[in-house]
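Residue-level structure breakdown
Chain by chain, the residues run as shown.
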Amino acid sequence: MLVVQWLLATWLLPGDWGLAGIALAIAAALTICSPLPLVDLLVQRGVTKALPNILRIATVTSVLLAIVIACSSIWAGIRPGQDLKSTSGAPVTVGTTIEELARGEEIKTLVNEVEGSFEIRVDGAWKQNRLPKMNDISIKLQEYMAQLDEELNRSSDGLKLNVDFNEAKSKLRIIDETGAEIPIRTWSTAEGSALDALGFRFRSRPLTLLLLMLGVVPLIGLLKLPLAALLRLRLQFGAIAASNFGATIGGGFMAVTLAVLGAGSVALLMSQIAVPLITALIMIPFVGKIPRVPVEDREPVKPLLKDSCTLWLAQWVHSAGLLTPMLLLGYFASTEDAGFFYFATMLSIQLIALLSYNLSQAFTPIFSKLQESPERLATAYLRSTSAITAVTMLFLLCAGATAPIFIPQIYTDKWAPAVPILMILMVAQSFASSNSTSASLLKGSGRYKTWLFWQLAQSTTYVIAVALAAWKGSIITVAWVTLGQQAIFAPFGIYICSRGYASITDILRVHGVPFIAGSPLVIVGYISLSIGPSWVGLLVWCPLAGLVGGSIYVLILKYLDPTRFSEFVNIGKRLTGNLAFLKSLKNG
């Protein structure tokens, strides 16, 4: 997936990533009753007796959810346009020069490098127009408005149109002789980014299409539901890994192909649509015949529906909170800002998925088998969480420290604005590496209300903080808020999972020890920033920094926590020997 992300970043624009992130955030806000959380419920219940009624519940809700997401495209495809701000903080007026705008140079680049075509609705028909080129950013806003006026009236069939600046909202708009606002739409992400940067409100057809596509995701999740639950309950981790690998390759190929063919942001949604569909298709032969349950042996609908609602709500709070930054940045900042944040987020998540997510997926059935022995469960949980965190923190901190070199060099300069965001998010994800294991314990042991409480606490706090950061701060401020959220709530998750079986000191050491061991990598980050992107830096400095930083990390880890050091050294061998590490946890 890292290779796929590199190819997609090469072919697509930041605006494409921004629209995909915004579409996913809108869908997440509407996806209250996704079928996927019910996989954990089936695993915890043992699948067989619960399967028939869970499928009935999931079928009804998935169809309704698909309709709701598809219908949202009618209103959610409208982009508000960002407020125009000056670099000095002074109010923007028609006398403000483009150069004085907070994104003046970027506006010039967008207008000059894209075709700049868009459509306006005049006399019941859509007419195509073009944004005039901007050769000089020292011109005043009113001069550029006059140029656009001329372009508009050239194709308006005698109807007098004007470009108006709303000083109260710091936005541009097109109005007719009566003062009514003329609707604007665009079929391109690039032109949409230009309109967005200039402050125009418009309808984004690509965003509408993305939401229509996301409407099928709940139905795909319904297909995958019983298959994934049965494989996890049977501990068929090889089949799960094979399904995920095959789907990742297939979905990645489809995404890259669409990007090369010019599909834009649509290509980015292949991971949401093609990957789970291919995964389900590959799982079918591994599962075989799904067991049939006599009516008299089926678990009643009422308790299943109650637990389903708790899981749905918890997963909805978690997913909506996770994707909120893209939605808020798209509203308060711009589509491109949302794109830079989504790109950095996906890159950091890809690394954490590679290192810990697939492993932690296996913990739910293991923890469910240990739920009758709380002390053994707590011991297995702390051991696995400590081992995973020790490994993931090293790789994530190293990646963050070398990001100033490898991002511009590998992903090209257009992604350079994402570097400081990625550096901060890598640290945030190093704390978040324990979250999936904590979630596995709570769901595997049936503690759905605790899982819900944890998600409500962190997501509510996070959404409020991100909203303030996006409104009053910047994209970097949102990244710092994300780091603060993970640094607080990831240890809190460990606390609620191991309360009564571990001291506060033991809990803080899970993240604290590897974080201290990785602190010398801050120096690596400063050196990387000063070196800047180059092939010498990529091929010489990055490996050298990883080797030296990793060696120092291991030495400090050995000194501060010899037990975890031993686990760190052996974890690779344990994971390659038929998942012996997982089997040892299962056996206590």
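Let us now look at the overall build of the protein chain. The helix and strand inventory of the protein chain stands at 25 helices and 7 strands. Over its C-alpha trace the protein chain gives a radius of gyration of 26 Å, about what one expects of a compact globule, namely 25 Å for 588 residues. Seen through its C-alpha atoms, the protein chain measures out along the principal axes to roughly 80 × 60 × 40 Å. Each of the 588 residues in the protein chain was classed as buried or not, and the buried ones make up 55%. When contacts within the protein chain are restricted to residue pairs at least 6 apart in sequence, those whose partners lie at least 24 apart make up 77%. When the accessible surface of the protein chain is totalled, it reaches about 24700 Å², and 65% of it is carbon and sulfur.

Before going further, it helps to examine the pairing of strand β2 (residues 117-122). The element β2 is extensively covered by neighbouring structure, given that 5 of its 6 residues are classed as buried. Two strands pair when backbone bridges link them, and β2 and strand β3 (residues 125-130) are joined in this way by 6 bridges, in the antiparallel orientation. Looking at β3, one finds that I120 is bridged to K127. The turn joining β2 and β3, which pair antiparallel and follow one another in sequence, is formed by 2 residues; a positive phi near 50 degrees is taken by D123. One ladder, built from 2 bridges, connects β2 with strand β6 (residues 184-186); its direction is antiparallel. Note on β6: the bridge partner recorded for I120 is I184.

Quick look at the side chain of S62 now. Along the chain, the position of S62 falls in helix α4 (residues 51-76). In contact with S62, not counting residues within four places along its chain, are P35, P218, L219 and L222.

To continue, consider the pattern of salt bridges. This structure, assessed with the given rule, holds 6 salt bridges. A salt bridge links K171 to D83, with the shortest nitrogen-to-oxygen separation between them at 3.1 Å. Of this pair, K171 sits in strand β5 (residues 171-175) while D83 sits in the loop between β1 (78-79) and α5 (104-113), placing them 88 residues apart in sequence. Residue classification places K171 among the buried residues on the basis of a relative accessible area of 18%. The network of salt bridges with shared partners includes R103, E106 and E336.

Below, the discussion takes up unusual backbone geometry. At S170, a position not held by glycine, the phi torsion is positive, near 55 degrees. By the secondary structure assignment, S170 is in the loop between β4 (162-166) and β5. For S170, a relative accessible area of 15% corresponds to the buried category.

There is a patch of like negative charges on the surface, built from E99, E100, E105, D136 and E143. Mapping E143 onto the fold places it in helix α6 (residues 141-154).

In total, this model carries 0 disulfides according to the counting rule given. The thiol of C71 is not disulfide-bonded; the next cysteine sulfur, from C33, is found 14 Å away. A disulfide-free cysteine, C309 has its sulfur positioned 8.9 Å from the sulfur of C33, the nearest such atom. Residue class for C309 comes out partly exposed when judged on its relative accessible area of 38%.

One recurring pattern in soluble globular proteins is that nonpolar side chains are buried together. L8, W17, F341 and I407 are the most contacted members of the largest nonpolar core, which totals 139 residues. Residue contributions to this core peak at 17 residues, all from helix α16 (residues 374-411). In this view, I407 contacts F343, L347, T412, W415, V419 and L422; residues no more than four positions away in its chain are not counted. Ranked by size, the runner-up nonpolar core spans 34 residues in total, among them L101, L161, A190 and F200.

To continue, consider the packing of aromatic side chains. Across all of its chains, the model carries 12 aromatic pairs by this definition. Seen in terms of ring centroids, F343 and W415 are 4.2 Å apart; in terms of plane orientation they differ by 20 degrees. Their pairing is stacked. A residue pair is termed long-range when its members are at least 10 positions apart, and F343 in helix α14 (residues 335-361) and W415 in the loop between α16 and α17 (419-432) qualify at 72 residues. Judged by relative accessible area, F343 falls into the buried class, the value being 1%. Here W415 falls in the buried class, since its relative accessible area comes to 0%. Members of the aromatic cluster, connected to one another through ring pairs, are W17, F340, Y342, F343, Y411 and W415.

Take the packing of α4 against helix α13 (residues 301-332) next. Viewed as axis vectors pointing N to C, α4 and α13 meet at an angle of 50 degrees, and their least axial separation amounts to 10 Å. Accordingly, the angle class assigned to the pair α4 and α13 is oblique. Between α4 and α13 lies a crossing of right-handed hand. For the pair α4 and α13, contact is made by N53, I54, I57 and T61 and by V301, L304, L305, S308 and W312, respectively. Of the residues assigned to the contact of α4 with α13, the class counts are 6 nonpolar, 3 polar and no charged.

Cut-offs used in this document
Residues numbered from 1 in each chain as written. Predicted model: local features only at pLDDT ≥ 70, side-chain atom pairs only at ≥ 80, totals over all residues. Heavy atoms only, no water. Helix = DSSP H or I, 4+ residues; strand = E, 2+ residues; numbered from the N terminus. Rg over C-alpha atoms; globule rule 2.2 N^0.38 Å. Buried < 20%, exposed > 50% of the residue type's maximum accessible area, 1.4 Å probe, protein only. Contact = heavy atoms within 4.5 Å. Areas by Shrake-Rupley, 256 points an atom, 1.4 Å probe, with all protein chains shown as cover. Pairing = 2+ DSSP bridges. Salt bridge = Lys/Arg side-chain N within 4 Å of Asp/Glu carboxyl O. Patch = residues over 30% accessible without salt bridge, like charges linked within 9 Å, V, L, I, M, F, W, Y side chains within 5 Å. Lys, Arg positive; Asp, Glu negative; His and termini not counted. Charge placed at Lys NZ, Arg CZ, Asp CG, Glu CD. Disulfide = S-S within 2.5 Å. Core = buried A, V, L, I, M, F, W, Y, C linked by side-chain atoms within 4.5 Å. Phe/Tyr/Trp six-rings, centres within 6.5 Å; stacked < 30°, edge-to-face > 60°. Axes fitted to C-alpha atoms, helices over the stretch in contact; angles between N-to-C directions. Parallel < 35°, antiparallel > 145°, perpendicular 65-115°, else oblique. Left-handed = near helix turned anticlockwise from the far one by under 90°. Nonpolar A, V, L, I, M, F, W, Y, C, P; charged D, E, K, R; others polar.

By themselves, these figures tell us nothing about what the structure is for.
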